[in-house]
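Structural features, examined
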Amino acid sequence: MEIVLVTTVIASLFLVIGIAEPLAGWLRLPYSVILAVIGILIAAAAIFFLRTEFTDALNPVAEAILGLPIRSNVFLYVFLPTLLFQATLGMNLRRMLDDWVPILVLAVVAVVVATLSVGYALSWASTLPLAACLLIGAIVSTTDPSAVVSIFRSLSAPRRLARIIEGESLLNDAAAIALFGLFMGFVMLGLPDPALGDALGRFPVLIAGGALTGWVAAQLALSIMAIFGQFERAQISVSVALPYLAYIVAEQTIGASGVIAVVTAGLTMNLAGPGRLPPQAWAALREVWDLLAHWAGALIFVLAALLIPRLLEEVRVADFALVGVVILAAVAARAAILFLLLPLLTLLRLSPAVEPRYRVAILWGGLRGAVTLALALAVTESFRVPVEVKRVVGILATGFTLFTLVVQGTTLRHVIGWLGLDRLSRIDQALSRQVVAVALQTVREDVARTVENYDLSRDIVRSEAKDFGERLDRAVQTAEDSADILDRDRITLGLIALAGHERDTILARMRERTISARLAEQVLSDSDRLIEGARTGGRNGYQRAARRSVAYGRAFQASVSLHRRLRISTPLARMTADRFELLLSQRLILRDLGAFIDGRIRRIHGRRVAELLHELLSRRIEAAESALEGLRLQYPGYAEELERRFIRRTALRFEDREYTAMREDGLIGAEVYTTLMHDVAARRAASEMRPGLDIALQRAEFVPQLALFEGMDEAALKRLGKALQTVYVNAGKVILQKNGVADRVFFIASGAVELESAGQTWRLGRGEMFGQLAILTRRARRAEVRAIAPSTLLVLDEKRFRRLLARSPALQKAVRASAEKRGIDPSVLLYDEVKPS
């Protein structure tokens, strides 16, 4: 009978979870608040029926509810790894890496500041030892961002802001739990006043040990999952085991932070998983983890709320004053982070500017929840913690959690409204009216065609057309009356819409599997940067993000250094192949955006805006093709292999669609369909394999294609290919400065540079060289050379250049032509042993 009651209670909890979400939507309250309130009511009702003398009929149910094995280890070892792992899987890590400074600083500094603020305030206001006060500070420093993030998303707040809040909260939990373990050890050892330096000195060890454990565990799991190949359920099962094993090994074996281990394992899986697992397996894995995290997040709130009446059984009047101290200290610490540290990071250009209104919303939305209660429960369960400390910890943590849920949670949406964050801006209001007018015109045309096809009654059609026409006239009149959008704002709105459609196109290509899973996240990150760049910086912000999407990143530059100095070429080969595929995908997507500009944006924003967007789009296409052409020149044949791969993928998509249509039409049976789809899946898996790229071999083939090296024999070209060093530079980078020592010559393999000297400028492109005149005139450089596009340069030192010049009439001719172009008499060039031919 007991197992029946427990099963009934657990099934009822899932029923509560199902009811709570729509109830939260109807009441316009945060989902976590509804779950917590329901949990408190269930626990209070169980205690009431167990102690009342009115009836004993419900005593077994009440005993089953209150007798649930709810221990701190259930939260820390069962629910917490699930929530942390899923949160890291769902993050756009490449976009978060753009904001790693504010995320890391806000997370770590916020936890330390909150812990110290609450700890020293309690130490001053109570008789508790400092270690216990700091323990309470660590417990209440965790935040639950779900409420404020969900509201920000519904209000179309900047995505970057929501992303920083989510990332900060994830690391916030990890840092707070690590500090909790630190101070919990001091309390259990009976150290009343630990040295703060010793406490914080052990903190990095916990972090580093957990990070190493999580990384190793994730790499092992990925290796096992890759071996399983097409067995999706086996791969998902391994992923489910990963966070729990990483947490247990870190906590029980190494003595490090299990939370950091889980977070690191999830980050590693997020970065490496899409490239090492089949796309359908990765999608299925994400769906399973989304469901597991939804259940875990709801259960942890309900079960933690069941503990609240128990934790408050021994509350005293004096405890309310201490709860007030905790509230004031925690809010003050959070306010210091938001209104002092965050503006400083913005001033240093390390964080996006956050409006004061959003900062107030974040401050009031800093709810506490299940993690805080779970940590408090862990203290109350420990027999090594003094009884009075356990009582105060349970009451203060619970009282503070109740304040954030009941007071802040229920009023958060009203605060949002008071701040005016739930209202559209003037530009958005005017745009919405124009969108309605354009949309209704399209709807009228579509309805007219549909009515003709169905031959409906003319009287009904005429009546409905009249009503719809009146509505359309009102919409058009309203749009014309509010046509106060500046051209600058129209351009910004058009760019946001264009970038949004580009993102939708990318998602569609991902579903069609014409974009590889390896690069899907990176391509989406680039589109997100375009959207945010347009939102925050208009046309200039969009163009900066567009240039960044084709630029050489720091990781690429680091891989070049590894190849050049240590002869480690694997990272460079992989990143070069990634760049090839990225540019090819980008070019294909950009060519599809012109129709969207003509079909949608022109009708809403007019011809001038559409023409400007076409111009910006043409520049992006030109930049992508220029970068791709540079790689084609440097690695001939590789781009063609990628294009063949794209064609094969497209053919497989059409083949898949045809078989599915035949199955739905009943032309083929289930057995035939299954056999055909297995064959398609096998060929699709083969198409995911990217051709290898041999950097050394490809460069040797590329050098002879430059016109400057015509006439050289094969052996000399081979020696030259080994002597040339490859340098990658981004647009805007200064390559050579004035008055510098002339000791190198640069050959432009791809891209373009600009030379500036004495107020004059010259532009050089692919196949040209620079730096040779300063060497041959034996003078300091008089020109500054700057890259005006992402460029690949081949560098030759002075000694080898002179030796090459002596053997190459074509190079001598090019040197004389460049001197004449710059107004320098070729006769003054010091060729040493070389005579003009």
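**Re the overall build of the protein chain**
- The secondary structure content of the protein chain amounts to 32 helices and eight strands.
- Counting only residues that meet the buried cut, the protein chain has 49% of its 837 residues in that class.
- Across the protein chain, every contact between residues at least 6 apart in sequence was considered, and the portion connecting residues at least 24 apart equals 79%.

**Focus: the packing of helix α2 (residues 31-51) against helix α17 (residues 387-418)**
- It is the contact of α2 with α17, at a shortest axis distance of 10 Å, that shows an interaxial angle of 130°. It follows that α2 is oblique to α17 by the angle criterion. Between α2 and α17 lies a crossing of left-handed hand. Contact residues: α2 offers Val33, Ala36 and Ile40, while α17 offers Leu402, Leu405, Gly409 and Thr410.
- In terms of residue class, the contact of α2 with α17 is built from five nonpolar, two polar and no charged.

**Some thoughts on the packing of helix α20 (residues 487-512) against helix α23 (residues 570-590)**
- Two elements in contact, α20 and α23, have axes separated by 10 Å at closest approach and are oriented at 120°. As for how α20 packs across α23, the hand of that crossing is right-handed. Contact residues: α20 offers Glu502, Thr505, Ile506 and Arg509, while α23 offers Leu588, Ile589 and Leu590.

**Topic: the side chain of Thr401**
- Within the secondary structure, Thr401 is located in helix α17.
- Here the side chain of Thr401 touches Ala397 through a polar contact of 2.8 Å, landing on its backbone oxygen.

**Some points on helix α24 (residues 594-605)**
- Along α24, the positions that sit buried rather than exposed are Gly594, Phe596, Ile597, Ile601 and His605. Around the axis of α24, the buried residues are gathered within 115° of arc, so they sit on the same side. In α24, the exposed positions angled more than 90 degrees off the buried face are occupied by Ala595 and Arg600.
- Residue Gly606 follows α24 closely and has a positive phi angle near 95°.

**Some details on a nonpolar patch on the surface**
- On the surface, a nonpolar cluster with roughly 340 Å² of combined accessible area is contributed by Ile10, Phe14, Leu291 and Trp295.
- Elements represented by at least two residues in the nonpolar patch include exactly α1 (2-27) and α13 (279-311).
- Relative to the elements of secondary structure, Ile10 occurs in helix α1.
- Given a relative accessible area of 40%, Ile10 falls into the partly exposed group.

**Considering the sheet that holds strand β8 (residues 791-797)**
- With antiparallel pairing, four strands are arranged side by side in an open sheet as β1-β8-β3-β6. Edge positions in the sheet fall to β1 (725-729) and β6 (769-770), since each has one partner strand and no second.
- Packed on one face of the sheet, helix α31 (residues 798-807) meets β3 (744-750) and β8 and runs near 85° to β8.

**What about a positive patch on the surface?**
- A cluster of basic residues, Arg719, Lys799, Arg803 and Arg807, forms a positive patch at the surface.
- With respect to the helices and strands, Lys799 occurs in helix α31.

**Observations regarding the pairing of strand β7 (residues 784-787)**
- Of the two faces of β7, only one is covered, namely that formed by Val785 and Ala787; the face formed by Glu784 and Arg786 stays uncovered.
- With two bridges joining them, strand β2 (residues 734-736) and β7 adopt antiparallel strand pairing. Counted as the bridge partner of Leu736 is Val785 from β7.
- Bridge count for strand β4 (residues 753-757) against β7 is four bridges, and the pairing is antiparallel.

**Examining the sheet that holds strand β5 (residues 760-764)**
- Taken in spatial order, the four strands line up as β2-β7-β4-β5 in an open sheet, and their pairing is antiparallel. A strand with exactly one partner marks an edge of an open sheet, and here the two such strands are β2 and β5. Each adjacent strand pair in this sheet contributes to an overall mean axis angle of 30°, direction not counted.
- Strand direction decides the pairing type here: β4 and β5, joined by five bridges, are antiparallel.

**So, the packing of aromatic side chains**
- Counted under the stated rule, the structure contains four aromatic pairs.
- Each ring, one from Phe14 and one from Trp295, has its centre 5.5 Å from the other, and the planes form 90°; the classification is edge-to-face. Here Phe14, found in helix α1, pairs with Trp295, found in helix α13; they are 281 residues apart in sequence, far enough to count as distant.
- Residue classification places Trp295 among the partly exposed positions, given a relative accessible area of 34%.

**Topic: the pairing of β3**
- Taken across its seven residues, β3 has six buried, putting it largely inside the fold.
- Where β3 lies against β6, two bridges are found, and the strand directions are antiparallel. What sits directly across from Phe747, in β6, is Met769.

**Thoughts on the pattern of salt bridges**
- Scanning the entire structure with this criterion turns up 16 salt bridges.
- Measuring nitrogen to oxygen at the nearest pair gives 2.9 Å for the salt bridge that ties Asp526 to Arg529. Here Asp526 and its partner Arg529 are both found in helix α21 (residues 517-550), three residues apart, which amounts to about one turn of the helix.
- The buried category is assigned to Asp526, whose relative accessible area is 12%.
- Between Arg683 and Asp679 there is a salt bridge; the shortest N-O distance is 2.9 Å. In this pair, Arg683 and Asp679 are both assigned in helix α27 (residues 670-688), four residues apart and thus about one turn of the helix distant.
- Where salt bridges share partners, they join Asp319, Glu388 and Arg391 into one cluster.

**Comments concerning the confidence of the model for the protein chain**
- A residue-level look at the protein chain finds 85% of positions with pLDDT of 70 or above and a mean pLDDT of 78.
- Taken as a whole, residues 833-837 scores under 50 in pLDDT and shows 11 contacts with residues more than four places along the chain or in a different chain.

**What about the environment of Thr675?**
- Mapped onto the elements of the fold, Thr675 is located in helix α27.
- We classify Thr675 as exposed; its relative accessible area is 54%.
- Of the polar contacts made by the side chain of Thr675, one reaches the backbone oxygen of Glu671; its length is 3.0 Å.

**Structural notes on the side chain of Thr404**
- Inspection of the secondary structure assignment puts Thr404 in helix α17.
- Ignoring anything within four residues of it in the chain, the contact list for Thr404 reads Gly366, Leu367, Arg368 and Gly409.

**Side note on the environment of Ala774**
- Locating Ala774 in the fold gives a position in helix α30 (residues 772-777).
- Since its relative accessible area comes to 13%, Ala774 is described here as buried.
- In sequence terms Ala774 and Val741 are 33 residues apart; their C-alpha atoms lie 8.7 Å from each other.
- Excluding residues within four positions of it along the chain, Ala774 makes contact with Ala742, Arg779 and Arg781.

So, how was this worked out
- Residues numbered from 1 in each chain as written.
- Predicted model: local features only at pLDDT ≥ 70, side-chain atom pairs only at ≥ 80, totals over all residues.
- Heavy atoms only, no water.
- Helix = DSSP H or I, 4+ residues; strand = E, 2+ residues; numbered from the N terminus.
- Buried < 20%, exposed > 50% of the residue type's maximum accessible area, 1.4 Å probe, protein only.
- Contact = heavy atoms within 4.5 Å.
- Axes fitted to C-alpha atoms, helices over the stretch in contact; angles between N-to-C directions.
- Parallel < 35°, antiparallel > 145°, perpendicular 65-115°, else oblique.
- Left-handed = near helix turned anticlockwise from the far one by under 90°.
- Nonpolar A, V, L, I, M, F, W, Y, C, P; charged D, E, K, R; others polar.
- Polar contact = N/O pair within 3.5 Å; in protein donor to acceptor, adjacent residues only side chain to side chain.
- Arc of directions from axis to C-beta.
- Patch = residues over 30% accessible without salt bridge, like charges linked within 9 Å, V, L, I, M, F, W, Y side chains within 5 Å.
- Areas by Shrake-Rupley, 256 points an atom, 1.4 Å probe, with all protein chains shown as cover.
- Salt bridge = Lys/Arg side-chain N within 4 Å of Asp/Glu carboxyl O.
- Pairing = 2+ DSSP bridges.
- Lys, Arg positive; Asp, Glu negative; His and termini not counted.
- Charge placed at Lys NZ, Arg CZ, Asp CG, Glu CD.
- Phe/Tyr/Trp six-rings, centres within 6.5 Å; stacked < 30°, edge-to-face > 60°.
- pLDDT = per-residue confidence, 0-100.

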